[in-house]
Amino acid sequence: MALSLAYAQTPGFGVYSGYPTYLGLQYQTMNLRFGAGLSLGGFGGDVALILAKSPLAGVGLDTSWYYGLGLGATTAAGGLGVYPHGLAGLEFRLPDPALNLYAEGQLGALVFTGGGFGPYFAGRLGVILR
C-alpha cells in the first residue's frame, strides 16, 4: 500500500501506476493526498503534502507544476519499510472529460524496521477524476 500527503494537487479520486507501485488508488482533499496500492514487494501506501503549485505558461494546455513532502510505508523482502521523501510533478487539466493527468517523481530514503536503509526513488503516472 502507498499513502501520500500533498497540498494543491486537484481534489478528487484517482488511479496511478509506476514504480514501485504498479497499481494504486488515491484520494486528494485540499492539501492532503492518500494513496494505497500493489507494489513489487507486496503492498504500499503514502500520505503527501503538496507545498506549492504554480501554473506553467506557454505550454498550450492548462498545466501546473507542484512539489511537496511525503511519508510512505511498504512491505518488502526486508520487512516493513518506511520512506520519507520529497516529490515534484506536472499536472495537466483536460477540458473535457473532467480529468487531470499527472506525472510525478519521488526521492528519499527507505528505512526497514528490522534494520538497514537505502535510497528510495519512485515515479508515477496518474489520472484524477475531479
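Parameters at a glance
Residues numbered from 1 in each chain as written. Predicted model: local features only at pLDDT ≥ 70, side-chain atom pairs only at ≥ 80, totals over all residues. Heavy atoms only, no water. 1 Å grid on protein atoms, 1.4 Å probe; cavity = no way out; pocket = protein on both sides within 12 Å on 5 of 7 lines; lining within 4 Å. Points joined across faces, edges and corners; volume = space filled by probe spheres on them. Helix = DSSP H or I, 4+ residues; strand = E, 2+ residues; numbered from the N terminus. Salt bridge = Lys/Arg side-chain N within 4 Å of Asp/Glu carboxyl O. Buried < 20%, exposed > 50% of the residue type's maximum accessible area, 1.4 Å probe, protein only. Pairing = 2+ DSSP bridges. Polar contact = N/O pair within 3.5 Å; in protein donor to acceptor, adjacent residues only side chain to side chain.

1. Here we look at empty space enclosed by the protein
Applying the stated criterion across every chain yields a total of 1 cavity of 30 Å³ or more. Computed from the structure, the largest cavity encloses a volume of approximately 60 Å³. Around the largest cavity sit 12 residues that line it, and Thr21, Gln106, Tyr120, Ala122 and Arg124 are the ones nearest its centre. Sorting the residues of the lining of the largest cavity by element identifies β1 (12-19) and β8 (117-129) as the ones contributing at least two each.

2. Here we look at the pattern of salt bridges
Tallied over the full model, the rule gives 3 salt bridges. Two residues, Asp46 and Arg124, come together in a salt bridge whose shortest N-O distance is 3.2 Å. Of this pair, Asp46 sits in strand β4 (residues 42-56) while Arg124 sits in strand β8, placing them 78 residues apart in sequence. Relative accessible area serves as the criterion here: at 7%, Arg124 is assigned to the buried category. The partner of Lys53 in a salt bridge is Glu91, and the shortest N-O contact between them spans 3.3 Å. Here Lys53 is found in strand β4, whereas its partner Glu91 is found in strand β6 (residues 79-93), with 38 residues between them in sequence. By relative accessible area, Lys53 is classed as partly exposed at 31%.

3. As for the pairing of β8
One face of the sheet, then the other: side chains in a regular strand alternate in exactly this way. Sheet topology note: the β1/β8 ladder contains 7 bridges and is antiparallel. Its bridge partner being in β8, Ser17 is matched across the sheet by Leu125. Pairing of strand β7 (residues 99-112) with β8, which is carried by 13 bridges, proceeds in the antiparallel orientation. For Ala103, the partnering residue across the bridge sits in β8 and is Leu125. The turn linking β7 back onto β8 is made up of 4 residues, and Gly115 within it adopts a positive phi angle of 110 degrees.

4. Examining the side chain of Gln28
Among the secondary structure elements, Gln28 is positioned in strand β2 (residues 21-29). Reaching out from Gln28, the side chain makes a polar contact with the backbone oxygen of Met30 at a distance of 3.0 Å.

5. Some thoughts on the pairing of β2
Pairing of β1 with β2 involves 5 bridges; the strand directions are antiparallel. Pairing of Tyr16 across the sheet is with Gly24, part of β2. Adjacent in sequence and paired antiparallel, β1 and β2 are bridged by 1 residue. Strand direction decides the pairing type here: β2 and strand β3 (residues 32-39), joined by 8 bridges, are antiparallel. Across the sheet, the residue bridging to Thr29 is Leu32, located in β3. Linkage of β2 to β3, two consecutive antiparallel strands, is achieved through a turn of 2 residues, within which Met30 is found at a positive phi near 50 degrees.

These figures come from the coordinates and say nothing about function on their own.
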